[in-house]
Amino acid sequence: MKISQHVAKKTTKRLLWCLVFFTIYGFSTSTAQIRTKSATFTNPIGNGADPWVIHHNGYYYVCQSNGNIDSKGISVRKSKRLSQLGKPVTVWETPSKGWNSSQVWAPELHYFNNKWYIYYAAGEAGPPYIHQRSGVLESVTDDPQGEYIDKGILNTGVDKQDETGTIWAIDVTIGTIGGKLYAVWSGWEKNATTDKTSQHLYIAEMSNPWTISSTRVKISSPDQSWEKGGELDLNEGPQFLMRNNQVFIIYSTRESWMPEYRLGQLKLKDTSKSPLDVTNWEKSGPVFQGTSAVLGTGHASFTQSPDGKEWWIFYHAKKSTTPGWARDLRLQQFTWRADGSPDFGSPIPAGVPIKVPSGERKSNISRTKNR
């Protein structure tokens, strides 16, 4: 009887140790799998076009129009992770009539003096898309996903003969240089009756986030060989990219509906001199373009990893070689050259594992350990 009890106790101890071992081993394996899974992502990360991202107080906010080229609203996504889009929340819908009642294109979200501002283009239904003008929305609170009020149309060039009093303009972005606020956008030299009209980049000073206060200055036209060759020559989608007292404008060129869409670059040669001086800008490119595996790379925005150690480009690419606006959203890290200019490298094909942004990995591991 004593022998049986002794054997039973030893067996019970062994079973308990096995249970503990497999519990620990199983948890460790699960944790490793979670870490491995969360340490990479693949492109594309979503559908859509003209992606705009801004990092604020630990969150990434992505601003987009709702739907395709005929969009009638604007949404803002919120996520702790750059590599994972949050749920879209519609923050503004077009009015039933007026200059901005349809065709909402390429909205951008900016933070200025404790308020959020959304810059967007809109117009009457098309084609032809000859009615596009640019406007501004201002947040009611400090919540980027909250309510917005319409601050009206921007003066992107005077045309007294037009019902809006302004000239065709899209893709407005803003940036502060030397303590002054500037707007940059893509526009026409004058209004036209066809949307097969060449687009240029303009800059103007602003007295506040909703008021352009100077005459526009044309700083770029599609005049280089790598900007021409298709049915329409254009410069559009300008974005400020600033680092170490250097100012760049990264913009899109060639046709957005074609595989040849690509990025060009303007550099402010002397930041102590006025950006309204066209001779103070130097053009180069293409600085980022498609391959046989990634088509129509364009309309990018830029941000940093959660820990601020890495820089990332957020852009769209075409889904096929067929002309049109079926596009998806892509993300990858870029670096900087010795002269301070950005080096975007080549677009990474869909399905290739990419390490998640620095700081995002630490956050994932921390959450995993606490499970």
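This text follows the structure it describes.
Now for a description of the structure that goes with this document. (Residues numbered from 1 in each chain as written. Predicted model: local features only at pLDDT ≥ 70, side-chain atom pairs only at ≥ 80, totals over all residues. Heavy atoms only, no water.)

A few words now on the environment of His-131. Along the chain, the position of His-131 falls in the loop between strand E8 (115-123) and strand E9 (133-139). Of the residues examined, His-131 reaches a relative accessible area of 28% and is grouped as partly exposed. For His-131 and Asp-195, which are 64 residues apart along the polypeptide, the C-alpha to C-alpha distance reads 9.1 Å. When sequence neighbours within four positions are dropped, the list of residues in contact with His-131 reads Ala-122, Gly-123, Glu-124 and Trp-168. (Helix = DSSP H or I, 4+ residues; strand = E, 2+ residues; numbered from the N terminus. Buried < 20%, exposed > 50% of the residue type's maximum accessible area, 1.4 Å probe, protein only. Contact = heavy atoms within 4.5 Å.)

We now examine the environment of Phe-334. As for its position among the elements, Phe-334 is in strand E22 (residues 327-336). Residue classification places Phe-334 among the buried residues on the basis of a relative accessible area of 2%. C-alpha separation for the pair Phe-334 and Ile-313, spaced 21 residues apart in sequence, amounts to 6.7 Å. With near-sequence residues (within four places) excluded, Phe-334 lies in contact with Leu-241, Phe-302, Trp-311, Trp-312, Ile-313, Pro-342, Asp-343 and Phe-344.

With that settled, the discussion passes to the sheet that holds E9. Strand pairing in a sheet relies on backbone hydrogen bonds. The paired strands run either parallel or antiparallel. A sheet is described by the order of its strands in space; here 4 strands give the open sequence E7-E8-E9-E10, paired in antiparallel fashion. Every other strand in the sheet has two partners, leaving strand E7 (102-112) and strand E10 (148-153) as the edge strands with one partner each. Each neighbouring strand pair of the sheet contributes to a mean axis angle of 25°, computed without reference to strand direction. (Pairing = 2+ DSSP bridges. Axes fitted to C-alpha atoms, helices over the stretch in contact; angles between N-to-C directions.)

What follows covers the layout of surface pockets. In this model, the second largest pocket occupies a volume close to 580 Å³. Looking at the second largest pocket, it is lined by 22 residues, and the ones nearest its centre are Trp-52, Ile-54, His-110, Phe-240 and Phe-302. The set of elements that each furnish at least two residues to the lining of the second largest pocket consists of strand E3 (52-56), E7, strand E11 (169-177), strand E16 (235-243) and strand E20 (295-304). Among the elements that line the lining of the second largest pocket, the one with the most residues is E3, at 5 residues. In the lining of the second largest pocket, the residues fall into 12 nonpolar, 10 polar and no charged. (1 Å grid on protein atoms, 1.4 Å probe; cavity = no way out; pocket = protein on both sides within 12 Å on 5 of 7 lines; lining within 4 Å. Points joined across faces, edges and corners; volume = space filled by probe spheres on them. Nonpolar A, V, L, I, M, F, W, Y, C, P; charged D, E, K, R; others polar.)

What follows covers the side chain of Thr-197. Along the chain, Thr-197 turns up in the loop between strand E12 (180-187) and strand E13 (200-208). Its relative accessible area of 15% is what places Thr-197 among the buried residues. Within the structure, the side chain of Thr-197 is placed 2.7 Å from the backbone oxygen of Thr-194, a separation counted as a polar contact. The contact partners of Thr-197, leaving out residues within four places of it in the chain, are Trp-188, Ala-192 and Leu-232. (Polar contact = N/O pair within 3.5 Å; in protein donor to acceptor, adjacent residues only side chain to side chain.)

Read from one edge of the open sheet, 4 strands run E3-E4-E5-E6, paired in antiparallel fashion. Each end of this open sheet is capped by a strand with a single partner; those strands are E3 and strand E6 (89-93). Each adjacent strand pair in this sheet contributes to an overall mean axis angle of 25°, direction not counted. Here strand E5 (residues 73-79) pairs with E6 via 4 bridges, running antiparallel. Note that in E6 the partner of Val-76 across the bridge is Val-89.

Further remarks concern the packing of aromatic side chains. Within the structure shown, the criterion is met by 19 aromatic pairs. Judged by centre distance (5.8 Å) and plane angle (65°), the rings of Trp-257 and Trp-325 are edge-to-face. Of the two residues, Trp-257 sits in the loop between strand E17 (246-253) and strand E18 (262-268) while Trp-325 sits in the loop between strand E21 (311-318) and E22, which places them 68 residues apart along the sequence. Take Trp-257: its relative accessible area is 15%, and that puts it in the buried class. Classification of Trp-325 as partly exposed rests on a relative accessible area of 38%. (Phe/Tyr/Trp six-rings, centres within 6.5 Å; stacked < 30°, edge-to-face > 60°.)

The next subject is the pattern of salt bridges. Across all of its chains, the model carries 10 salt bridges by this definition. Residues participating in the shared-partner salt-bridge network are Asp-223, Glu-227 and Lys-283. (Salt bridge = Lys/Arg side-chain N within 4 Å of Asp/Glu carboxyl O.)

Let us now look at empty space enclosed by the protein. Per the stated rule, a full pass over the model turns up 1 cavity of 30 Å³ or more. If you go around the largest cavity, the residues you meet are Tyr-60, Val-62, Ser-79, Arg-81, Leu-82, Gln-84, Leu-85, Gly-86 and Phe-314. Here the residues of the lining of the largest cavity are counted per class, giving 5 nonpolar, 3 polar and 1 charged.

What follows concerns the pairing of E11. Summarising burial for E11: 8 of the 9 residues are buried, a large majority. The turn joining E11 and E12, which pair antiparallel and follow one another in sequence, is formed by 2 residues; a positive phi near 60° is taken by Gly-178.

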